[in-house]
Amino acid sequence: MPVHVERAELPGIGVRHDVLTSEGRRVSVVNFRDGGRELALSDPDDPDRTDETVELTDDEAAAIAEVLGGSLILTQLAGLQEKVAGLAMELIPVRADSPYVGKTLGDTRARTLTRCSVVAIVSESAVTPAPSPSDRLDVGDALVAVGTREGLDRLVRIISGD
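Basis of the calculations
Residues numbered from 1 in each chain as written. Predicted model: local features only at pLDDT ≥ 70, side-chain atom pairs only at ≥ 80, totals over all residues. Heavy atoms only, no water. Salt bridge = Lys/Arg side-chain N within 4 Å of Asp/Glu carboxyl O. Pairing = 2+ DSSP bridges. Helix = DSSP H or I, 4+ residues; strand = E, 2+ residues; numbered from the N terminus. Axes fitted to C-alpha atoms, helices over the stretch in contact; angles between N-to-C directions. Contact = heavy atoms within 4.5 Å.

## Quick notes on the pattern of salt bridges
Tallied over the full model, the rule gives 10 salt bridges. Among the salt bridges present, the one from Asp 18 reaches Arg 16, with a minimum N-O distance of 2.9 Å. Residues Asp 97 and Arg 95 are paired through a salt bridge, measuring 3.2 Å at the closest nitrogen-oxygen approach. One salt-bridge network, in which partners are shared between bridges, spans Glu 6, Arg 16, Asp 18 and Arg 26.

## So, the sheet that holds strand S7 (residues 117–122)
With antiparallel pairing, four strands are arranged side by side in an open sheet as S6-S9-S7-S8. One side of each edge strand has no neighbouring strand; the edge strands of this open sheet are strand S6 (88–93) and strand S8 (127–129). In this sheet, neighbouring strand axes are inclined to one another by 25° on average, regardless of whether the strands run parallel or antiparallel. Sheet analysis places S6 next to strand S9 (residues 142–147), joined by six bridges and oriented antiparallel. Pairing of Leu 91 across the sheet is with Val 144, part of S9. Sitting on the sheet, helix H4 (residues 149–160) is in contact with S6, S7 and S9, with an inclination near 5° to S6.

## What about the environment of Ala 96?
Take Ala 96: it is sitting in the loop between S6 and helix H2 (105–108). Sequence-wise, Ala 96 and Asp 138 are 42 residues apart; in three dimensions their C-alpha atoms are separated by 8.2 Å. Contact partners of Ala 96, with chain neighbours within four places excluded, come to Val 101 and Val 139.

In structure tokens:
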């Protein structure tokens, strides 16, 4: 079900975007004219009153956007996997003994060798949706890959060094 986003000009202040959740809570993002931003959550008993606000730095706002975007991609991929026969998805860990630790995604030649697509890299601190070949792999990362079951099995062997 599509979510409605309301946009309200705040004269002399900036712009506020409101999303009404399925639980009836209003989540607002205020972008100030000076470049700052804050996240606000409405009072559960009075949706016109703010219950709590959090000021966000540029880095914090980017991190939240990345986390939300990455989790949405994973949810959508899981749903796609259920709908398309022959399509599989795998979360492939990059272990300490992988020959690709410290190397780039392009070094794996994943797409060329397996016909699978790596659609995200999940690390401890972030999710990188649609990674580029130059994105570096580290211990503890996990690759979100989509392809045939055979291709994904081959990709697991490549990443693990088998």
